[in-house]
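Secondary and tertiary structure notes
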Amino acid sequence: MGLMSRTSNVVKAWISKLLDRAEDPAVTLDYSYERQRDMLQKVKKGIADVVTAKKRLELQTQKLEVEMPKLDEQARQALSAGREDLARAALERKAFAQQQLQGLDQQIADLQAQQDKLAESEKRLAVKVEAFRSQKETIKAQYSAAEAQVRIGEAATGIGEEMADTGLAIERARDKTEQMQARAAAVDELVDSGTLEDYTSSGTELDRELAQISASQQVDSDLERLKGEVAAGGKQKELEGEKK
Amino acid sequence: MGEGQYRLSDEAVKHLNELDDQAHAAVEAEDESQLDTLLDDMWALVRQEGEQLPDDDLSASDAVIPPSDMTLEETKKLLSPEGLIPDLGG
């Protein structure tokens, strides 16, 4: 059995789960229509969720792109303190984050394309549900019960296929945003742990070492200044002594 | 899937079925790139040769082509007894 017929079977099984057939075609029709309307609402909500998740990801990657120069600055600081090893660590971190971000950008673009397709599917689905609504009145009015059942089955299957398609596409888009979210969060964490904003609390090893360097530089320069002052003070005394 | 419905000539259907058999073999052989190529070809054939049905047409399809950007894993899951189609209905 080929892929197409197997896919078709999966879809049909899904549809038959969806449709409970009643004795009276009029009841089946109305019930089926109600179900379709519910599903259409769920599809709309599903698409909206994907759009929201995608927007959040876009914002997050933008934020990360802004953070990136901070790692550069960190590397510069380390280098001017003569700590090439620390500078290298900061730059490695930056390169990794950049790589991950580029991948995310591509995936966001893919997701956008999927989203456009979803919007198309949803539109098609809405047209079909509307067509079903008008057909069901015709079927009720014109056909015998047996004929009506056949027609309902056909029409509902046509709609069910579209719904199965759209539902599957939403589910896949949702999975994708979740994976991307996890990846962006990992990059986020990495970059956050590398910034030098907070010297006092929960810094990384890199932070602490840089803070130490900067502190010992301060000590050194203070020491130099004091030495100078002390020496100058001594000379002053000597000079005063000679005068006497 | 997700691209609307098309009506195909008998000849196009025959060609499509050949591609479908090869696609099935690609899934069995776990050959992802081959599967991608075949699904793309199947879609291209349908779009090129088929006549798109209007959106308000409610007829059922004779065959359903899986989405061409699906991974091998996803395709296998779709075709498994549980299927990949989520339960949108309550």
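Here the residue numbers are simple positions, counted from 1 along each chain's written sequence. The lettering of chains begins at A and the numbering of ligands begins at 1, in the order of writing. Whole-chain, interface and lining totals are the exception, using all residues; otherwise, since this is a predicted model, local features are given only for residues with pLDDT of at least 70 and side-chain atom pairs are given and counted only at 80 or more. Working from all heavy atoms in the structure, the side-chain values ignore hydrogens and water.

1. Things to note about the interface of chain A and chain B
This is how the line gets drawn: Here, two residues are considered to be in contact whenever any of their heavy atoms come within 4.5 Å of each other. What gets called buried area is simply the loss in accessible area from a 1.4 Å probe that two parts show on being joined, summed for both. In protein, a polar contact means a hydrogen-donor-capable atom and an acceptor-capable atom, both N or O and within 3.5 Å, with residues adjacent in sequence counting only if both atoms are side-chain atoms; elsewhere, any N or O pair within 3.5 Å suffices. Helix and strand labels come from DSSP, where a helix needs a run of H or I of at least four residues and a strand needs a run of E of at least two; each type is numbered from the N terminus. Three categories are distinguished: nonpolar for Ala, Val, Leu, Ile, Met, Phe, Trp, Tyr, Cys and Pro, charged for Asp, Glu, Lys and Arg, and polar for the others, with Gly belonging to the last.
Taken together, the contacts link 39 residues of chain A with 41 residues of chain B. Summed over both partners, the interface of chain A with chain B buries about 3500 Å², with 62% contributed by carbon and sulfur atoms. Seen at the junction of chain A and chain B, the total is 1 residue pair in polar contact (both at pLDDT 80 or more). Elements supplying a minimum of two residues to the side of chain A that touches chain B: helix H1 (3-18), helix H2 (25-80), helix H3 (84-142) and helix H4 (145-194) of chain A. Here the side of chain A that touches chain B gets 14 residues from one element, more than from any other, and that element is H4 of chain A. Among the residues forming the side of chain A that touches chain B, the class breakdown is 16 nonpolar, 10 polar and 13 charged.

2. Brief notes about the layout of surface pockets
Over the atoms, a rolled probe matching the size of one water molecule traces out where space is still vacant. Definition in use: The method works on a 1 Å grid over the protein atoms by themselves. A cavity is a set of points holding a 1.4 Å probe that cannot get out, a pocket is an open set with protein on both sides within 12 Å along at least five of seven lines, and residues with an atom within 4 Å of a point line them. Grid points are joined across faces, edges and corners, and a volume is the space filled by probe spheres set on the points.
Space inside the largest pocket adds up to approximately 610 Å³. Sorting the residues of the lining of the largest pocket by element identifies H1 and H4 of chain A together with strand S1 (6-7), helix H1 (10-28) and helix H2 (32-49) of chain B as the ones contributing at least two each. In the lining of the largest pocket, the residues fall into 14 nonpolar, 5 polar and 5 charged. Roughly 320 Å³ of volume is contained in the second largest pocket. Lining the second largest pocket we find Gln107, Asp110, Ala113, Gln114, Lys117, Arg172, Asp175, Lys176 and Gln179 of chain A together with Asp69, Thr71 and Glu74 of chain B. Going through the elements one at a time, H3 and H4 of chain A are the ones with two or more residues in the lining of the second largest pocket. Classifying every residue of the lining of the second largest pocket by side-chain character gives 1 nonpolar, 4 polar and 7 charged.

3. Considering the pattern of salt bridges
Residue and element names in this part refer to chain A. Let me state the cut-off plainly: Put simply, a salt bridge is a Lys or Arg side-chain nitrogen that is within 4 Å of an Asp or Glu carboxyl oxygen. A 1.4 Å probe rolled over the protein chains alone gives each residue an accessible area, and that area as a share of the maximum for its type sets the label: buried under 20%, exposed over 50%, partly exposed in between.
Under the criterion given, the structure shown has 14 salt bridges over all chains. The salt bridge involving Glu171 is made with Arg174; its shortest N-O contact spans 3.3 Å. Of this pair, Glu171 and Arg174 both sit in helix H4, 3 residues apart, which is roughly one turn of the helix. By relative accessible area, which is 28% here, Arg174 ends up partly exposed.

This is a description of form; function is not addressed.
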